[in-house]
Amino acid sequence: TKPIDQILDETLVITNIQFKHWEWIASYYLCTLGEVIRAALPSAFLLESETIISLTKKEVDDESIFSDDEFLVFEALQHQSSLHINDIRSILDKKNVVKVIQSLLEKGVIEVQEEVYDQYTPKMKRYVKLVSSYAEEEKLKELLDSLTRAPKQREVLMNLFVLSSKEKNVGTIQLQKKSNTTASVIKTLLDKGILEEYYIQKDRVVYEGADGEAIKELSKAQEKAYSEIKTAFNEQDVVLLHGVTSSGKTEIYVRLIDEILKTGKQVLYMLPEIALTTQLITRLQYYFADKVAVYHSKYSVNERVEVWNNVLQNKPKAQIVIGARSSLFLPFSDLGLILVDEEHETSFKQYNPSPRYHGRDAALVLANLHNAKTLLGSATPSLESYYNTENGKYGLVTLKERYGKVLMPEIELVDIKEAHRKKKMKGHFSERLLEEINEAIKNKEQVILFQNRRGFSPVVECTTCGVSPQCPNCDVSLTYHQYRKEMRCHYCGYHTQMLAACFACGSETLDTKGFGTEQIETELKTLFPNHVVARMDQDTTKGKHAYGKLIERLENEEISILVGTQMLAKGLDFRKVSLVGVMNADNLLNFPDFRAHERSFQLLQQVSGRAGRTKKRGKVLIQTYNPYHQILQQVSTNDFEGMYKQQLEDRYQFKYPPFYRTIRITCRDRNYDKMRKAATWFASALQLKLGENVLGPEAPPVGRVRNLFITNILIKIPKKQSISGTKTVIEKVSRSFAVIKDFSSVKITIDIDNY
Ligand code: ADP
Ligand code: ZN
Ligand code: ZN
């Protein structure tokens, strides 16, 4: 036993249930409990502005464990004993700072100096009041008389009376301002024992919203769905609400939330990406006012700890938490319901850093630990969840009509191969699409255009020699961004000026191929010079408020045509959008991934769902080279069931989820040969025990990222079989691998239920 040095927390900040949950995550996703805790605790989410780091060791055996950025920081630390986060920002030119620090921490090369770890300090506000002995009229009169020769002090006192007749608490700053004086006058009154001061803890997080607007009355269809959910919850802990876009799922959630709140229990509302949900947050605050707390990775540590403490104490202020997957780690004390909205979204899965957990799946486990219910909601459920309703694990409630009996949009496939042949294309727009855009803007309606690539053009190519500029760190072509006249790598962020001439043959015949959102925006501006065109993608929504501003401009109808990436698909509700255009559906479908078809269906349905949310039937035009593609046919006829059956057959035949569990093991190294050797060793070792369940090693489509060569090993195990045996094998092989000297620099990551 060691003597106690210091007591850090006077009360428990972690609950038993949290601990059990974290242990489950660590054991299911094959990572250490420490990795889970690091992801869970607010202090480790982000390294705050006061972070100072230093080296744990001066030398490393193999410098190839570092990325270029990491190496820069490592090198700087060899010359200077410690670095402030601002120094690192300048070394790295502001990019990746937190990632680099986190990765160096993971590698055990650096440590964060403890005393500067941002510690939680409650925000206090100072108030003053008259000492109670002066409360009697007699005493007060005496006091004021005694102050005739101190007019300033007298004035402060008079102002205090005026202010406290209106407000319960009078702040020092407020009093000082009102009296137009300095702090010293108030201090004198305090010193004389005339005034006394007191403190009240203030919220850092702004909890806002109108006070409890009445909840909307549900439509007949909604009411039916709502009571079906309730009935299903009698039998089952998990229910999937499959409601088409704009069917009014949110209002049903609101009813359920309201009911849980009345029992005093807490609600967790999980969303794939919290940054893209300003509309929803406003809507919930409208009903539940300051009971809604948002848990956001953009918040400071202090703000997050405040939410943490409110949740821990089940304060009314955080009875409903809206957050992305990390909100699962909060210390709920009495959770009644978890809502997983847009449950099909793949961004619920965390890839880096470990724990590589799936937000939805981990939510189900958390709900179970609390004896709480879980409602999964989506217009396009994942195959996995839908399958679970078929086999009886989850309840299913379906809502097939839109709110207000608004019709589902009419979806038309436009054959652009044909359009090209008949010379009916203007840039990337078919005549059909232009016709419809013209019609919509003539009627003062808004248009949304979807293109899943950002930038101007994904490939720059020399028409003389056929060479295209590649990223020096990754095996991909650079994307041309016209606005900055730059070529950028979308994998590592590398960027360079656009070349004037081909770097290989010197001729000035550089051309661009393919197209992104930026090019569509440019074309639109020429085609519709009298209308406001805006763009929504990673490049235009970087600032903290950029996304919200764009939404506001759309709501105010300042924008006629909006072009954007997948960001557009996420839950936006605009009344005036009558037309949605998809510029090119083919690159979605051709993505090399077993979920590509399912995802294309989901994305196209979600994007289409933005059209015609009011009385008038909306229209969707999907441009494609392949209008007879099964998925596009299913999208255009709203045939979820058909898509589901077809995909499920494929999954069965090719041994994928929901019939099989997949585990991906990735090997990375700067040296290609070493990486290949290591991967082959690893795969063979696994094969010895697991046989033909082990596939690969195989290089992914982009075989090198940030100067690390990559290869994957895939393990498939029938769902019926327990996964623990396989995990034991992986752990054993990993341990033997770790002691092989030749492979010491090779980084291995294990991803259970990979996406
Ligand atoms: P979903 O989430 O299923 O796409 P929403 O919940 O966004 O659908 O509902 C679509 C639109 O219909 C929203 O503008 C919403 O305000 C409106 N709405 C839904 N239910 C009701 C209701 N019961 N009363 C009034 N308006 C409703
Ligand atoms: Zn050339
Ligand atoms: Zn790159």
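In this text, all values refer to a predicted model and were calculated from it rather than measured experimentally.

Calculation notes
- Residues numbered from 1 in each chain as written.
- Chains lettered and ligands numbered in written order.
- Predicted model: local features only at pLDDT ≥ 70, side-chain atom pairs only at ≥ 80, totals over all residues.
- Helix = DSSP H or I, 4+ residues; strand = E, 2+ residues; numbered from the N terminus.
- Rg over C-alpha atoms; globule rule 2.2 N^0.38 Å.
- Buried ≥ 20, exposed ≤ 12 C-beta atoms within 10 Å, placed from the backbone.
- Contact = placed C-beta atoms within 7 Å.
- Near = placed C-beta within 6 Å.
- Nonpolar A, V, L, I, M, F, W, Y, C, P; charged D, E, K, R; others polar.
- Core = buried A, V, L, I, M, F, W, Y, C linked by C-beta atoms within 7 Å.
- Axes fitted to C-alpha atoms, helices over the stretch in contact; angles between N-to-C directions.
- Parallel < 35°, antiparallel > 145°, perpendicular 65-115°, else oblique.
- Left-handed = near helix turned anticlockwise from the far one by under 90°.
- Expected span 1.5 Å × (residues − 1).

A. Quick look at the overall build of the protein chain. When you go through the protein chain residue by residue, the secondary structure sums to 26 helices and 31 strands. Against the globule reference of 27 Å for 755 residues, the protein chain gives a C-alpha radius of gyration of 30 Å, in line with a compact fold. The principal-axis extents of the C-alpha atoms in the protein chain amount to approximately 100 × 70 × 65 Å. A buried classification covers 40% of the 755 residues belonging to the protein chain. Pairs at least 24 residues apart make up 73% of the contacts formed inside the protein chain by residues separated by at least 6 positions.

B. A look at the site of ligand 1. Close contacts around ligand 1 come from 16 residues, with K216, G248, K249, T250 and Y403 the closest. Looking at side-chain class alone, the shell around ligand 1 contains two nonpolar, eight polar and six charged residues.

C. Layout of the nonpolar core. L241, I320, V321 and I338 are the most contacted members of the largest nonpolar core, which has 89 residues in total. Per element, the largest residue contribution to this core is six residues, and it comes from helix α25 (residues 672-690). Those residues in contact with L241 that sit more than four places away from it in its chain are A225, I229, K249, I252, L375, L376, G377, V397 and L399. Ranked by size, the runner-up nonpolar core spans 49 residues in total, among them V580, A585, L588 and V620.

D. Fine view of the packing of helix α1 (residues 16-28) against helix α2 (residues 33-40). One can describe the packing of α1 onto α2 by two numbers: an axis separation of 8 Å at closest approach and a directional angle of 125 degrees. Our classification of the angle between α1 and α2 gives oblique. Judged by the twist between their axes, the crossing of α1 over α2 is right-handed. Two secondary-structure elements touch here, α1 through W22, E23, I25 and A26 and α2 through L33, V36, I37 and A40.

E. Spotlight on helix α22 (residues 596-608). For α22, spanning 13 residues, the distance from its first C-alpha to its last is 18 Å, which sits close to the expected 18 Å at 1.5 Å a residue. Here α22 lies mainly inside the structure; twelve of its 13 residues are buried. Taken as a whole, α22 has its buried residues at H597, E598, R599, S600, F601, Q602, L603, L604, Q605, Q606, V607 and S608.

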